[in-house]
Amino acid sequence: EAGVVQSPRYKIIEKKQPVAFWCNPISGHNTLYWYLQNLGQGPELLIRYENEEAVDDSQLPKDRFSAERLKGVDSTLKIQPAELGDSAVYLCASSQRGPNNEQFFGPGTRLTVL
Amino acid sequence: RKEVEQDPGPFNVPEGATVAFNCTYSNSASQSFFWYRQDCRKEPKLLMSVYSSGNEDGRFTAQLNRASQYISLLIRDSKLSDSATYLCVVNSLSMKTSYDKVIFGPGTSLSVIP
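My aim in this report is to walk through the structure given alongside it, one point at a time. (Residues numbered from 1 in each chain as written. Chains lettered and ligands numbered in written order. Predicted model: local features only at pLDDT ≥ 70, side-chain atom pairs only at ≥ 80, totals over all residues. Heavy atoms only, no water.)

**Section: the pattern of salt bridges**
Residue and element names in this part refer to chain A.
Moving on, step 1. In total, this model carries 9 salt bridges over all chains according to the counting rule given.
Moving on, step 2. Across the salt bridge formed by Arg 48 and Glu 50, the nearest N and O atoms sit 2.8 Å from each other.
Moving on, step 3. Under the relative-accessibility criterion, Glu 50 is labelled buried at 4%.
Moving on, step 4. Taken together, the shared-partner salt bridges connect Arg 64, Glu 83 and Asp 86 into one network. (Salt bridge = Lys/Arg side-chain N within 4 Å of Asp/Glu carboxyl O. Buried < 20%, exposed > 50% of the residue type's maximum accessible area, 1.4 Å probe, protein only.)

This is the structure in structure tokens:
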């Protein structure tokens, strides 16, 4: 069975440019998470979806970040415009319904903003 | 105070040693607890869930102390392959939404030395 798929794996952009990340969760997983991870830190939740509903986006900087999961399957996270401080690894994870279940992570997208 | 805190590390131990990590959480309403392992430049993966009665999986033992609000992970007979960052994960009831909130600790780095 395929795991969580993310693309691209690496992205280098200049500040003020837009960038988008894509995630395809494990088939059948209702819950999808986007995390940001800085070097030496644990993942920080940006947004969590239950099917197509965003149930926790309290940590998402809504002035520049947006996300969607229109059909309750794959998801896109966008940053516009990117800032230098956005350089990090963006991780997508999925689980069966609810956070009490094991989360399966994708390989992440490593973003560098110059 | 951060909601989930871990021993700062890094821990450098010889092969065969026993090492223990602690994690404290601030929300007394926290419901479920996990340890994830993250290898360098890789995604986190579930190591084990932590149950109220404590649980063991081979060389790994996890314990929960609700009264003192901490969980621990004990690794016996350390192997070189145990070198990784160990992330404590706490699932707490969000005061802002009706959904649970998943919080990762900052991680504790372990290096097992030959």
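**What to know about unusual backbone geometry**
Moving on, step 1. Cis peptide bonds are those with omega within 30 degrees of zero, and the linkage from Gln 80 of chain A to Pro 81 of chain A qualifies with -5°.
Moving on, step 2. Following the sequence through the fold, Pro 81 of chain A ends up in the loop between strand S8 (75-79) and strand S9 (88-95).
Moving on, step 3. Here the amide bond leading from Gly 9 of chain B into Pro 10 of chain B is cis, since omega sits at 0°, within 30 degrees of zero.
Moving on, step 4. Here Pro 10 of chain B lies in the loop between strand S1 (4-6) and strand S2 (11-14).
Moving on, step 5. Non-glycine residue Lys 16 of chain A carries a positive phi angle of around 80°. (Helix = DSSP H or I, 4+ residues; strand = E, 2+ residues; numbered from the N terminus.)

**Focus: the side chain of Thr 31 of chain A**
Moving on, step 1. Residue placement: Thr 31 of chain A occurs in strand S4 (residues 31-37).
Moving on, step 2. Among the polar contacts listed, one links the side chain of Thr 31 of chain A to the side chain of Glu 50 of chain A, at a separation of 2.8 Å. (Polar contact = N/O pair within 3.5 Å; in protein donor to acceptor, adjacent residues only side chain to side chain.)

**Considerations on the nonpolar core**
Moving on, step 1. Ranked by size, the top nonpolar core spans 24 residues in total, and within it Phe 21, Trp 35, Ile 71, Leu 73, Ile 75, Tyr 86 and Leu 110 of chain B carry the most contacts.
Moving on, step 2. Contact partners of Phe 21 of chain B, with chain neighbours within four places excluded, come to Asp 7, Phe 11, Trp 35, Ile 71, Ser 72, Leu 73, Ile 75, Tyr 86, Thr 108 and Leu 110 of chain B.
Moving on, step 3. Ile 13, Phe 65, Leu 77 and Tyr 90 of chain A belong to the second largest nonpolar core, which has 22 residues in total. (Core = buried A, V, L, I, M, F, W, Y, C linked by side-chain atoms within 4.5 Å. Contact = heavy atoms within 4.5 Å.)

**Remarks on the environment of Ser 109 of chain B**
Residues and elements named next belong to chain B.
Moving on, step 1. Within the element layout of this structure, Ser 109 appears in strand S11 (residues 108-113).
Moving on, step 2. Owing to a relative accessible area of 30%, Ser 109 belongs among the partly exposed residues under this scheme.
Moving on, step 3. Spatially, the C-alpha atoms of Ser 109 and Phe 21 are 9.8 Å apart, while their sequence positions differ by 88 residues.
Moving on, step 4. Apart from the residues lying within four places of it in its own chain, the contact partners of Ser 109 are Pro 10, Phe 11, Ala 84 and Thr 85.

**Here we look at the sheet that holds S8 of chain A**
Residue and element names in this part refer to chain A.
Moving on, step 1. Ordered in space as S1-S3-S8-S7, the 4 strands form an open sheet in which the pairing is antiparallel. The sheet is open, and its two edges are formed by strand S1 (5-7) and strand S7 (65-68), each paired on a single side. The average angle at which neighbouring strand axes cross in this sheet is 15°, direction not considered.
Moving on, step 2. Relative to S8, S7 runs antiparallel, the two being bridged by 4 bridges. When the sheet's bridge partners are listed, Ala 67 is paired in S8 with Leu 77. (Pairing = 2+ DSSP bridges. Axes fitted to C-alpha atoms, helices over the stretch in contact; angles between N-to-C directions.)

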